[in-house]
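Breakdown of the fold
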Amino acid sequence: MTGSRIVALGHYQPAKVLTNADLAAVVDTSDEWIRSRVGIETRHVAGPDEPVDELAAHAGAKALASAGLTPADVDLVLVATSTAIDRSPNTAARVAARLGMGAPAVMDLNVVCAGFTHALATADHAVRAGAAARALVIGADKMADIVDWSDRSTCVLVGDGAGAAVIEASAEPEIGAVLWGSVPEMGHAVRIEGTPPRFAQEGQSVYRWATTQLPPIARKVCERAGVTPEELAAVVLHQANLRIIEPVAQKIGAVNAVIARDVVESGNTSAASIPMAFSKLVERGEIQSGDPVLLFGFGGNLSYAGQVVRCP
C-alpha cells in the first residue's frame with residue numbers, strides 16, 4: 001500500500017439548539033447583529049451530562065457504521081480537541097472504552113480549530129508507515145464549557161459537536177500531502193486560558209490574518225495534491241465565521257466547488273467543524289465518491305493545516 005483513504009464519515013450534535021433570539025434574551029445582542037457580523041443563526045449546545053468524549057463517541061460510532069466496520073477493526077484512535085476537562089484518561093481512551101474497542105493506540109491532539117486536519121495528516125502518516133492498519137480520527141469540542149456566556153463578543157460564536165472519519169490503507173493515496181504551520185508570535189490572537197479556562201480572541205487580527213494570508217497557502221495545498229482550485233468539488237474550511245469563509249474560498253479560486261457553510265446552523269465548533277461539515281455534505285449528496293475536496297483548518301495558535309482528499 002502506498003497511501004491511505006477516508007472510508008466513511010460521521011457526525012453528531014447535541015439535541016439542544018440555541019438561537020440568536022435565545023442569546024439576545026441574556027446578553028446585549030440581536031439576531032441582526034449576529035447574522036451581519038458572523039453569519040450564524042443557530043448552534044447546538046451540550047448539557048452538563050454530555051462530556052466531550054460522549055460527543056466524540058457518537059460521531060465515531062456513526063462513521064464506523066457507515067464504513068460497515070466494528071470497533072475491533074480499529075487500531076488507532078486520534079481525537080482532536082481543546083475542551084476536554086480531564087487530562088487522563090485522555091479523550092481518545094475514553095472514546096475507545098465507550099465503543100468497546102480492543103487495544104488501540106489512543107492519542108489526543110490539541111491544535112484547537114486546526115486540530116482535525118492535523119489529526120488526519122497524523123493518521124495518514126501512521127497508516128502509510130505501517131504503524132496502523134485502520135484509524136478512527138475525530139474532531140470534537142464542547143465550547144459551551146469554556147465560553148463566558150455573559151460576553152457577547154464570544155458567546156454568540158460557539159457551538160458543540162463532533163465529526164469523525166475512518167482511515168485505512170489504499171493502493172493509491174487519496175489523502176493528499178499536508179501543508180501545515182503556525183504563526184507562534186501571534187498565538188495570543190486566539191486563547192483558551194485560565195482557571196476555569198475561558199475562550200478569548202482578537203477578532204480583527206484573526207480576520208485580517210485569515211483573509212490575507214491563508215488563500216495562497218490553500219492554493220499551495222492544491223498544488224501539492226496535483227489539483228487545480230477549479231477542479232475542486234468542495235471546499236471545507238474551518239467554520240469560524242461566514243465573513244471569513246466566503247472571501248477565503250473566493251480568493252482560493254475554487255469557482256466550481258460547493259462551499260461548506262455549516263457555521264450558519266452550527267456556529268464555531270472548533271476541531272469538530274471540518275469533519276462535521278464534510279460529513280453533512282456527503283450525507284446530503286452534495287458531493288460524490290471520488291470527488292476532490294479541500295480540507296483546511298486554521299485558527300487557534302494561529303496554526304493551519306490542509307490537504308486535498310477524495311470523497312468517500
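Just so you know, these numbers come straight off a predicted model, no measurement behind them.

Following the criterion strictly, the structure yields two aromatic pairs and no others. Both rings, one in Phe-296 and one in Phe-298, keep their centres 6.4 Å apart while their planes meet at 40°; by these two values the pair is tilted. A residue is classified by how much of its surface remains accessible, and Phe-298, at 1% relative accessible area, is buried. Aromatic pair Phe-296 and Tyr-304: ring centres 6.5 Å apart, planes at 10°, arrangement stacked.

Another aspect to go through is the sheet that holds strand β8 (residues 179-182). Strand order in the open sheet formed by five strands is β8-β14-β13-β11-β12, with mixed pairing between adjacent strands. Of all strands in the sheet, those bounded by a partner on one side alone are β8 and β12 (258-259). As paired strands, β8 and strand β14 (residues 303-310) are joined by four bridges and run antiparallel to one another. Directly across from Trp-180, in β14, lies its bridge partner Ala-305. The strands touched by helix α5 (residues 115-128) within the sheet are β8, β13 (292-298) and β14, with β14 carrying the most contacts at an inclination of about 55°. The strands that helix α10 (residues 273-283) touches are β11 (234-237), β12, β13 and β14; relative to β11, the one it contacts most, it runs at about 150°.

All right, on to the pairing of strand β1 (residues 3-12) then. For β1, a buried count of seven out of ten residues is recorded, marking the element as mostly surrounded by other parts of the structure. In this structure, β1 lies alongside strand β7 (residues 160-170), joined through nine bridges in antiparallel fashion. When the sheet's bridge partners are listed, His-11 is paired in β7 with Gly-163.

Next up on the list: unusual backbone geometry. Along the chain, Ser-88 connects to Pro-89 via a cis peptide bond; the corresponding omega equals 0°. Of note, the bond from Thr-195 into Pro-196 is cis; its omega dihedral lies within 30 degrees of zero at 0°. Along the polypeptide, Pro-196 turns up in the loop between β9 (190-193) and β10 (198-201). Residues other than glycine seldom take positive phi values, yet Val-112 does so here, at roughly 50°. Along the chain, the position of Val-112 falls in the loop between β5 (105-109) and α5. Looking at Val-112, the relative accessible area reads 11%, which means it is buried. Phi at Asn-301 is positive, roughly 70°, even though this residue is not glycine. Looking at the element boundaries, Asn-301 is found in the loop between β13 and β14.

Direction vectors running N to C along helix α7 (residues 203-225) and helix α8 (residues 242-252) enclose 35°, while the axes themselves pass 9 Å from each other. Handedness of the α7/α8 crossing: right-handed. Residues Tyr-207, Ala-210, Thr-211, Pro-215, Ala-218 and Arg-219 of α7 form the contact with α8, whose own contacting residues are Arg-243, Ile-244, Pro-247, Val-248, Lys-251 and Ile-252. Of the residues assigned to the contact of α7 with α8, the class counts are eight nonpolar, one polar and three charged.

One can find Ala-123 in helix α5. According to the relative accessible area criterion, Ala-123 is buried, its value standing at 0%. Considering only alpha carbons, one finds Ala-123 and Glu-168, 45 residues apart in sequence, at a separation of 8.9 Å. When residues no more than four places from it in sequence are discounted, the contact partners of Ala-123 are Leu-76, Leu-78, Ala-135, Val-137 and Ile-167.

Attention now goes to the pairing of β9. Put simply, side chains in a regular strand alternate between the two faces of the sheet. Bridge count between β9 and β10: four bridges; the pairing is antiparallel. Bridging across to β10, Glu-193 finds its partner in Arg-198.

Right, let's talk about the packing of helix α3 (residues 52-67) against helix α4 (residues 91-99) for a bit. For the pair α3 and α4, the least separation of the axes is 9 Å and the interaxial angle reads 55°. Taken together, the axis directions place α3 and α4 in an arrangement best described as oblique. As for the relative orientation of α3 and α4, their crossing is right-handed in sense. Together, Val-52, Asp-53, Glu-54, Ala-56, Ala-57, Ala-61 and Leu-64 of α3 and Thr-91, Arg-94, Val-95, Arg-98 and Leu-99 of α4 make up the contact between the two elements.

Considering the arrangement of structural elements, one finds Val-221 in helix α7. Judged by relative accessible area, which is 0%, Val-221 ranks as buried. Along the primary structure Val-221 and Leu-179 are separated by 42 residues, whereas in three dimensions their C-alpha atoms are 5.9 Å apart. Apart from the residues within four sequence positions on either side, Val-221 is in contact with Leu-179, Leu-294, Phe-296, Gly-306, Gln-307 and Val-308.

Moving on, we get to the sheet that holds β7. Spatial strand order, β1-β7-β6-β4-β5: five strands in an open sheet with mixed pairing. Both edges of this open sheet fall to β1 and β5, since each of them pairs with a single strand only. Within this sheet the neighbouring strands show an average axis-to-axis angle of 20°, counted without direction. Sheet topology note: the strand β4 (residues 76-80)/β5 ladder contains five bridges and is parallel.

Scoring rules and cut-offs
Residues numbered from 1 in each chain as written. Predicted model: local features only at pLDDT ≥ 70, side-chain atom pairs only at ≥ 80, totals over all residues. Heavy atoms only, no water. Phe/Tyr/Trp six-rings, centres within 6.5 Å; stacked < 30°, edge-to-face > 60°. Buried < 20%, exposed > 50% of the residue type's maximum accessible area, 1.4 Å probe, protein only. Pairing = 2+ DSSP bridges. Helix = DSSP H or I, 4+ residues; strand = E, 2+ residues; numbered from the N terminus. Contact = heavy atoms within 4.5 Å. Axes fitted to C-alpha atoms, helices over the stretch in contact; angles between N-to-C directions. Left-handed = near helix turned anticlockwise from the far one by under 90°. Nonpolar A, V, L, I, M, F, W, Y, C, P; charged D, E, K, R; others polar. Parallel < 35°, antiparallel > 145°, perpendicular 65-115°, else oblique.

That's the geometry; what it means functionally is another story.
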